[in-house]
Amino acid sequence: MTLGFDRARLPFTLRTALASSLALVVATLLHLDSPQWAAMTVWLVAQPTRGLLLEKSLYRAAGSVVGSAVGVGLVLLTHGHVGALVVGLVLWVGLCAGVGNVLRHFRAYGVLLAGYTAALVVLVDLPHPDHIVGIASERVLAVLIGVAVSALVSGLLIPNANEDDIRARLRQITSDTLRWSAAVLASALKGLDERSGLTEQRRLLSELAILEEMLDPHTAGKINSRISLRTVRALIAALLSLIAATLSAAGRVRRGARHDQAVLQTLATDLSVIADRLEDADVAQSLVRLRVALAGSGGAVHVALEALLQAVEALVSRKDTPAGQTRFALVFHRDWVGARAAAVRSMVAVGAVGALWWLTGWPYAPFMMIGTAVMSSLFSSFDDPLKILRFVLIGSSAGAASAAICHLWLIPLASSNVQAALLVVPFLLLTGVAMAHPRTTAPSLDYAMAFLLLVVPVVPVHGTPVQIVSGSVAAVAGIAVAMLAFRFVLPVDSAQRLRTLMEMTINELEALAGQDSLPHPTRWRARLYHRILRLVRRLDLVQGQGVAQPVTAIGGGVATLPVGEAILRLRHLSVRADLPRAVRRRVEVGLKRLTMLSSRPLAAAAALEKAAASLMLAEGGATLDSEVLRDGAEALREHQSFFHLARR
């Protein structure tokens, strides 16, 4: 009888609880004044795989060292002056919140941790600034104890991430994309509408976005990973490019472009066969057939397939794809808008509590400031922090109440610090049980963190009952302040992050059309590829929240690729010395219209069409340049609602 518990998860949570209890006892035996920090570390670095545990432990240790050093520096520089300390903490927490929001994975965690660790070190025993070096040293030592115990108890028992799963999913998505491309090309050649493949296109893009998101966790902590992240990301970018190129090729067939239809017909047949062989794991023969199929082809589909072939060969041979030898890669999207908002929000929240402390001298304001600093920075990178903080508030309130109970009634029964630590252990074990039940999973970790932050298992108990309860209430109030900041100071949720991403993508297209210098095309494409993947992933998260229909918005995201290629083509045409004056004028008008494509997408599309027509007239017929311009115009016309939506 499981009573609703997740039997697969229960061993992991109980093992973590035991490791946390052991770390608490070890730190107590080493006579640390705050042994609970070692127990907190075990909970915070707990991960389902060994690589994730190793990497998060390293970043936690590094963040703790940096944050503690900054905390010591602030106290020494300000000599404990409250006003100066508040200003220093506000600036440091805000800086770390901003930087953490443009980094990925555990790098972001390490930076955010460094921000609020300084607050923990500074505020935990402010009346005794001469203790600051000892407090910081104990903080770092406790973290290292927690990391070591977690590695010994959990690290030896949990498995490594299964890289074969990534490889299998890559093979499947490659096969599915080739099959989809073949079907769309065949439908277009038969005069059928390729819109019937929109659902499959949506699924493929979603799978690519999920795969890209999985890469860092699956290779975390592995120096000799069998998966080259650069190779896999090049493969994902090539698949994304193939999807866009297939849609453009189908559009050209519909427009009556005949010069490459025979090649596309052969390619459609070959792609279908190759896709079947990839599923049968006959990769070597599939690669040979793909290279033969590419022999007479051309255009964007050919370029995408060549890059795909290069990445697949590197993946099969387990060799890295050398940087610069492929047109396709991923340059990570950086949410600078969200980073600025996170920095400002954290500074406002921490500054408000700091001002309260400075002006009133309220002795429990430091506890409140700690809660605000942790929550306003740590959750700033989450898609919907306010929704998560509701569970945090529930769990933390329960944890604070449990800590007060321990201080008031249990710890006074102990005759030594070890006995006090053992009296705390049952609360940690119950947390491990609660984390394995679906109804209590969400607030359980926050319960453990609040409980361990506030409980000090040493005898005699420090503080009167009124002081203990007041400190607990103040810490929970700090979480409420962070919630108010997320609600009223530059509010953020999944839908807002999606809109920001769309706006940044469109703004970059407009900037590409208007800026004086031409960016490196490979780097520009690489960043756009990753933004499209992030767009798809965010759309997965906001379905049902009143945002654009997923297929429409994702189609618009993919449409930015041909629009961007058209802009690049115009930029190259604009510097051609032999370009006729009439064509040059159309090119310049087209670039000018494209600087305003978000407000007038149809006008930008018309300008591209006119530039293409003028170029065809000058060169005696359709060329690759004119077809790329027409691809961009068609993408703008078909997805004009996306470009308007991005500016609402």
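Everything discussed here concerns the structure shown above.
As a starting point, this report considers the structure included with it. (Residues numbered from 1 in each chain as written. Predicted model: local features only at pLDDT ≥ 70, side-chain atom pairs only at ≥ 80, totals over all residues. Heavy atoms only, no water.)

1. Here's the deal with helix α16 (residues 417-434)
Taking 1.5 Å as the rise per residue, α16 with 18 residues should run 26 Å; its terminal C-alpha atoms sit 27 Å apart, in good agreement. Helix geometry: α16 is bent most strongly at Val-424, by close to 25°, with proline Pro-426 lying one to four residues after it. Burial in α16 covers these residues: Ala-420, Ala-421, Val-424, Val-425, Phe-427, Leu-428, Thr-431 and Gly-432. Looking at the buried positions of α16, the neighbouring elements they touch are α1 (10-29), α2 (36-45), α15 (385-410) and α17 (441-454). (Helix = DSSP H or I, 4+ residues; strand = E, 2+ residues; numbered from the N terminus. Expected span 1.5 Å × (residues − 1). Bend = angle between axes of the 7 residues up to and from the residue. Buried < 20%, exposed > 50% of the residue type's maximum accessible area, 1.4 Å probe, protein only. Contact = heavy atoms within 4.5 Å.)

2. Observations regarding the packing of aromatic side chains
Enumeration according to the criterion identifies five aromatic pairs in this entry. Measuring from centroid to centroid gives 6.1 Å for Trp-362 and Tyr-364, while their planes differ by 75°, and the two rings are edge-to-face. With a relative accessible area of 32%, Trp-362 lands in the partly exposed category. The buried category is assigned to Tyr-364, whose relative accessible area is 16%. Ring centres of Tyr-447 and Phe-451 lie 6.1 Å apart, and the angle between their planes is 0°; on these two criteria the pair is classed as stacked. Here the residue Tyr-447 and the residue Phe-451 both occupy positions in helix α17, the gap between them amounting to four residues, near one helical turn. Above the plane of the ring of Phe-332 lies Arg-104, whose end atom (NZ or CZ) is 4.0 Å from the centre. Seen from the ring of Trp-37, Arg-139 lies directly overhead, with NZ or CZ sitting 5.2 Å from the centre. (Phe/Tyr/Trp six-rings, centres within 6.5 Å; stacked < 30°, edge-to-face > 60°. Lys NZ or Arg CZ within 6 Å of the ring centre and 35° of its normal.)

3. Here's the deal with the pattern of salt bridges
Summed over the entire model, instances satisfying the criterion amount to 24 salt bridges. Arg-537 is paired through a salt bridge with Glu-213; the nearest N and O atoms lie 2.9 Å apart. Separated by 324 residues along the polypeptide, Arg-537 in helix α20 (residues 521-542) and Glu-213 in helix α8 (residues 198-219) bring together distant segments of the chain. For Glu-213, a relative accessible area of 34% puts it in the partly exposed group. Asp-540 is paired through a salt bridge with Arg-537; the nearest N and O atoms lie 3.3 Å apart. Of this pair, Asp-540 and Arg-537 are both found in helix α20, three residues apart, which corresponds to roughly one turn of the helix. We classify Arg-537 as buried; its relative accessible area is 17%. The structure contains a network of salt bridges with shared partners spanning Arg-202, Glu-213, Arg-534, Arg-537 and Asp-540. (Salt bridge = Lys/Arg side-chain N within 4 Å of Asp/Glu carboxyl O.)

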